[in-house]
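One letter stands for each residue in the lines below.
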Amino acid sequence: DCKVLTVGDGLVSGVGTNDGGGFRKHLFQRAVTANKKMTFVGDQMSGPAMFAGRTFPRGHEGRPDAKIASAASTAMAAITKHSPHIVLLEIGGEDLWTNDNVAAAPQRLFTLLDALITAAPKALVVVV
């Protein structure tokens, strides 16, 4: 199985969707359609029990209102615990929305990316 770690804010956790699956459902559907084995890893759980005729992997590291700084420690712990093949990072919107030192937000994101790449050098790290 390809282990995918999704890290970020409420969009990762499925806030605003009726079943909490959010964009993870669409990724899972594409994997099922392509006959690929993929699972989402993380200590947070949300989403439907079943989707696309299969058990939906409900793990993620999304937290509503998460900012870059808080996602950094979450991501690093999850990488150590789950050894993902792919890290999908959806973060930064809350920093901008709450006007949290917006000028420094790009540097915080670059610092986080460097840390993720160092911690998981074989993983594909994608900012979504």
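Just above sits the structure.
An account of the accompanying structure is given in this report. (Residues numbered from 1 in each chain as written. Predicted model: local features only at pLDDT ≥ 70, side-chain atom pairs only at ≥ 80, totals over all residues. Heavy atoms only, no water.)

Our focus in this paragraph is the overall build of the protein. Along its length, the protein carries five helices and eight strands. Secondary structure elements of the protein, listed N to C terminal, follow the sequence β-α-α-β-β-β-β-β-α-β-α-α-β. A buried classification covers 43% of the 128 residues belonging to the protein. When the accessible surface of the protein is summed, it comes to about 6900 Å², and 59% of that surface belongs to carbon and sulfur atoms. With 13 positive and 11 negative side-chain charges, the protein shows a spacing of 11 Å between the two charge centroids. (Helix = DSSP H or I, 4+ residues; strand = E, 2+ residues; numbered from the N terminus. Buried < 20%, exposed > 50% of the residue type's maximum accessible area, 1.4 Å probe, protein only. Areas by Shrake-Rupley, 256 points an atom, 1.4 Å probe, with all protein chains shown as cover. Lys, Arg positive; Asp, Glu negative; His and termini not counted. Charge placed at Lys NZ, Arg CZ, Asp CG, Glu CD.)

Before going further, it helps to examine the packing of aromatic side chains. Describing an aromatic ring pair means giving the distance of the ring centres and the angle of the ring planes. Considering all chains together, one arrives at three aromatic pairs under this definition. Ring centres 5.5 Å apart and planes at 90° place the aromatic pair Phe28 and Phe56 in the edge-to-face group. Residue Phe28 is located in helix 2 (residues 22–33), and its partner Phe56 is located in the loop between strand 5 (54–55) and strand 6 (59–62); the two are separated by 28 residues in the primary sequence. The pair formed by Phe28 and Phe56 is uniform in burial state, with each residue classed as buried. (Phe/Tyr/Trp six-rings, centres within 6.5 Å; stacked < 30°, edge-to-face > 60°.)

Now for the side chain of Thr6. Summarising the element assignment, Thr6 is placed in strand 1 (residues 2–8). Of the residues examined, Thr6 reaches a relative accessible area of 0% and is grouped as buried. If near-sequence neighbours (up to four positions away) are discounted, Thr6 is found in contact with Val12, Phe23, Arg24, Phe40, Val41, Gly59, His60, Glu61, Gly62 and Leu88. (Contact = heavy atoms within 4.5 Å.)

Let's shift gears to the pairing of strand 1. Counting buried positions along strand 1 gives five out of seven residues, so the element sits mostly inside the fold. In the sheet, strand 1 pairs with strand 2 (residues 38–41) via four bridges, with the strands oriented parallel. Counted as the bridge partner of Leu5 is Val41 from strand 2. Bridge count between strand 1 and strand 7 (residues 86–90): five bridges; the pairing is parallel. Among the inter-strand pairings, Val7 is bridged to a residue of strand 7, identified as Leu89. Pairing between strand 1 and strand 6: two bridges, direction parallel. The residue of strand 6 that forms the bridge with Gly8 is Gly62. (Pairing = 2+ DSSP bridges.)

Read these as spatial facts, not as claims about activity.
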